[in-house]
Amino acid sequence: MMNSKERILNTLNKVSRDALPRPEIELQYPPEVLVEDFVRIAEASGTEVFLATPDTVADTVRKWSRGGDIQSCVPGLQDEFPLIFDEQIPFDREKMPEVFVAEAAFGVIENAALWLTDSELRARLLAFIPERIVVLLKAGSLVSTMHQAYAIIAENDPFGFGLFMAGASKTADIEQTLVKGAQGAKELAVILY
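Calculation rules
Residues numbered from 1 in each chain as written. Predicted model: local features only at pLDDT ≥ 70, side-chain atom pairs only at ≥ 80, totals over all residues. Heavy atoms only, no water. Phe/Tyr/Trp six-rings, centres within 6.5 Å; stacked < 30°, edge-to-face > 60°. Buried < 20%, exposed > 50% of the residue type's maximum accessible area, 1.4 Å probe, protein only. Helix = DSSP H or I, 4+ residues; strand = E, 2+ residues; numbered from the N terminus. Pairing = 2+ DSSP bridges. Patch = residues over 30% accessible without salt bridge, like charges linked within 9 Å, V, L, I, M, F, W, Y side chains within 5 Å. Areas by Shrake-Rupley, 256 points an atom, 1.4 Å probe, with all protein chains shown as cover. Salt bridge = Lys/Arg side-chain N within 4 Å of Asp/Glu carboxyl O. Polar contact = N/O pair within 3.5 Å; in protein donor to acceptor, adjacent residues only side chain to side chain. Contact = heavy atoms within 4.5 Å. Core = buried A, V, L, I, M, F, W, Y, C linked by side-chain atoms within 4.5 Å.

*Asks:* What exactly am I supposed to notice about the packing of aromatic side chains here?
*Replies:* What describes a pair of aromatic rings is the distance from one ring centre to the other and the angle between the planes of the rings. Applying the stated rule across the entire model yields five aromatic pairs. With a centroid separation of 6.4 Å and an interplanar angle of 25°, the aromatic rings of phenylalanine 106 and tryptophan 115 are classed as stacked. Residue classification places phenylalanine 106 among the buried residues on the basis of a relative accessible area of 5%. Relative accessible area serves as the criterion here: at 8%, tryptophan 115 is assigned to the buried category. Relative to phenylalanine 164, the ring of tyrosine 150 has its centre 5.6 Å away and its plane inclined at 70°; by these criteria the two rings are edge-to-face. Here tyrosine 150 is found in helix H5 (residues 146-155), whereas its partner phenylalanine 164 is found in strand E8 (residues 162-165), with 14 residues between them in sequence. Three or more aromatic residues joined by ring pairs make a cluster, and in this case those are Phe106, Trp115, Tyr150, Phe159 and Phe164.

In structure tokens, the structure reads:
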């Protein structure tokens, strides 16, 4: 005697058709509006966006941090903002950065998502524990869609951990109470350079 799951699967197997081809989706943004569109979409999600040059990145980080303890895993900023966070003792308040700085491999225009892997983060927890995160992004590393983003990911070397970060962490419970920082940073800034 078949159970309900087996009956449903058998019925579906009898009526299933050949698989339909996937649609080809080609969304392209004109190059002159890439940065403008990314900024507009990121700001709509609550992300602060700053335009900088390689020479002004550190000053921009410092101004946005409002005097908070800054730690960075970006090679060009580690002398000024050393990473002292210890993954073996992750909740040591003395070593926890108030502001963490990382650099994204690329950004996605359609949703202002930033791609970070373990090579950019050094410790997975740094994407979630600090209350404020600054992500550096080269303006030339923007792609239009998530389709293009996944194609880039598939072409690159394997990684142990990766995530798309888009906006500060926000959630609302059934009573419609907005809570910031429940699953990640309360504030996110992107510095495009």
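*Asks:* What exactly am I supposed to notice about the sheet that holds E8 here?
*Replies:* Picture the strands of a sheet paired through backbone hydrogen bonds; they go either parallel or antiparallel. With mixed pairing, the four strands of this open sheet are ordered in space as E7-E4-E5-E8. A single partner strand is all that each edge strand has here, and the edge strands are strand E7 (142-143) and E8.

*Asks:* Explain a nonpolar patch on the surface to me, please; I cannot follow it from the model alone.
*Replies:* Taken together, Ile8, Leu9, Leu12 and Val15 make up a surface patch of nonpolar side chains, about 380 Å² in accessible area. The exposure class assigned to valine 15 is exposed, which follows from its relative accessible area of 52%.

*Asks:* Teacher, can you tell me more about the side chain of serine 141 here?
*Replies:* Tracing the chain through its elements places serine 141 in the loop between strand E6 (132-137) and E7. A polar atom in the side chain of serine 141 sits 2.7 Å from the backbone oxygen of lysine 138. In this view, serine 141 contacts Ala105, Phe106 and Gly107; residues no more than four positions away in its chain are not counted.

*Asks:* What am I meant to see in unusual backbone geometry here?
*Replies:* Excluding glycine, residues mostly have negative phi values, and the peptide bonds linking residues are mostly trans. At alanine 112, a residue that is not glycine, the phi angle is positive and equals roughly 55°. Relative to the elements of secondary structure, alanine 112 occurs in the loop between strand E4 (106-108) and strand E5 (113-117). The phi angle at arginine 122 is positive, at roughly 70°, despite the residue not being glycine. Position of arginine 122 among the secondary structure elements: in the loop between helix H4 (118-121) and E6. Its relative accessible area of 45% is what places arginine 122 among the partly exposed residues.

*Asks:* Explain the pairing of E8 to me, please; I cannot follow it from the model alone.
*Replies:* It is a general feature of regular strands that their side chains alternate between the two faces of the sheet. Every second residue of E8 is oriented toward a common face, the buried set being Leu163 and Met165 and the non-buried set Gly162 and Phe164. Here four bridges tie E5 to E8, and the two strands are oriented antiparallel to one another. Note on E8: the bridge partner recorded for threonine 117 is glycine 162.

*Asks:* Explain the nonpolar core here, please?
*Replies:* Side chains that are nonpolar tend, in soluble globular proteins, to be buried together. Within the largest apolar cluster, 31 residues are counted, with the highest numbers of intra-cluster contacts made by Phe38, Leu114, Leu116, Leu121, Val135, Leu137 and Met165. Residue assignment for this core shows that the elements contributing at least two residues are helix H2 (34-44), strand E3 (99-103), E5, E6, E8 and strand E11 (187-192). For this core, the leading source of residues is H2, giving five residues. For valine 135, the residues in contact, after removing those within four places along its chain, are Ala102, Glu103, Ala104, Leu114, Leu116, Met165, Leu188, Ala189, Val190 and Ile191.

*Asks:* So what exactly am I meant to see when it comes to the pattern of salt bridges here?
*Replies:* Enumeration according to the criterion identifies six salt bridges in this entry. Residue aspartate 59 pairs with arginine 62 through a salt bridge whose shortest N-O separation is 2.5 Å. With aspartate 59 and arginine 62 both in helix H3 (residues 57-65) and three residues apart, the pair spans about one turn of that helix. The exposure class of arginine 62 is partly exposed, given its relative accessible area of 35%.

Fair warning: the whole summary comes from geometry, so function is off the table for now.
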